[in-house]
Each structure stands twice: as structure tokens, then as C-alpha cells.
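Structure assessment
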Amino acid sequence: MQAVLNVANQQFTIECADCDQRRLEDLAKELDARLSRFSGDEDAMRRLVLTALSLLDQAQATSAALALAREEIERLTDMVVEARLDAQNVAVNDERGRVGVLVAHGAA
């Protein structure tokens, strides 16, 4: 599959998987907005575009991974808080393990 991208008034054709075409197009639109002030020779611009697309992709993937990590940290923090609250609510029986408790319950 080929994605045809328009960045900095130039057309770039990039081989990609079908599932990546939309993502590349979105990245190219973002990059086009950022590069609107720049110009240069065609080879330099092509290298810049390919490098920038790669960096934008990596930055977005990292951001998504951080968001998932934050959600997991929040979930685990909630579990710890709930466990502490449950531990505080447990009634402690000071008679545990004493012979008198066993006799009172008919075990002796």
C-alpha cells in the first residue's frame, strides 16, 4: 500500500501497511502545519519530512503509553487505598489464641 502525503507543498509517496495509511496522513497534516515556515532543496526537505514523521509517530506512541501507565498507576493506587481501609476496619479480637477462647467456643 502507498500513502500519498502532501507536506510543504511537496508530494511524498511512502510504502506502508493498509492499517498505517490513515495514521501517516494525520501525521503529515500535523507536520505540514509545523513546516509551513521552512523551505529548502528537495532532497533535504524529503529527509526532513521522513525524519519528522518518524519522530512525531514515536512521540505520539510514547504519549499513549504514558497515558496507559498513568491509568494503571491510578488503578493500583486505588487498590492500595482500599486495602488499607479494609485493614483498618477489621475488628481485632484480643482473645485470639488464648485457651479461654477455645473453651468458650466449645473446642476444649
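Presented here is a report on the structure given in the accompanying data block. (Residues numbered from 1 in each chain as written. Predicted model: local features only at pLDDT ≥ 70, side-chain atom pairs only at ≥ 80, totals over all residues. Heavy atoms only, no water.)

Next up on the list: the packing of helix α1 (residues 21-34) against helix α2 (residues 42-89). How two helices pack is summed up by the angle between their axes together with the distance between the axes. Axis separation between α1 and α2 bottoms out at 10 Å; the angle between their running directions is 110°. In terms of orientation, α1 lies roughly perpendicular with respect to α2. Like other packed secondary-structure pairs, α1 and α2 cross with a definite hand, here right-handed. Each of Arg23, Leu24, Leu27, Ala28, Glu30, Leu31 and Arg34 in α1 lies in contact with α2, whose residues at this interface are Val49, Ala52, Leu53, Leu56, Asp57, Gln60 and Ala61. (Axes fitted to C-alpha atoms, helices over the stretch in contact; angles between N-to-C directions. Helix = DSSP H or I, 4+ residues; strand = E, 2+ residues; numbered from the N terminus. Parallel < 35°, antiparallel > 145°, perpendicular 65-115°, else oblique. Left-handed = near helix turned anticlockwise from the far one by under 90°. Contact = heavy atoms within 4.5 Å.)

Another aspect to go through is the environment of Asp20. Its place among the elements puts Asp20 in the loop between β2 (10-15) and α1. Overall, the relative accessible area of 36% leaves Asp20 in the partly exposed class. As for Asp20 and Gln2, which are separated by 18 residues in sequence, their C-alpha atoms are 9.7 Å apart. (Buried < 20%, exposed > 50% of the residue type's maximum accessible area, 1.4 Å probe, protein only.)

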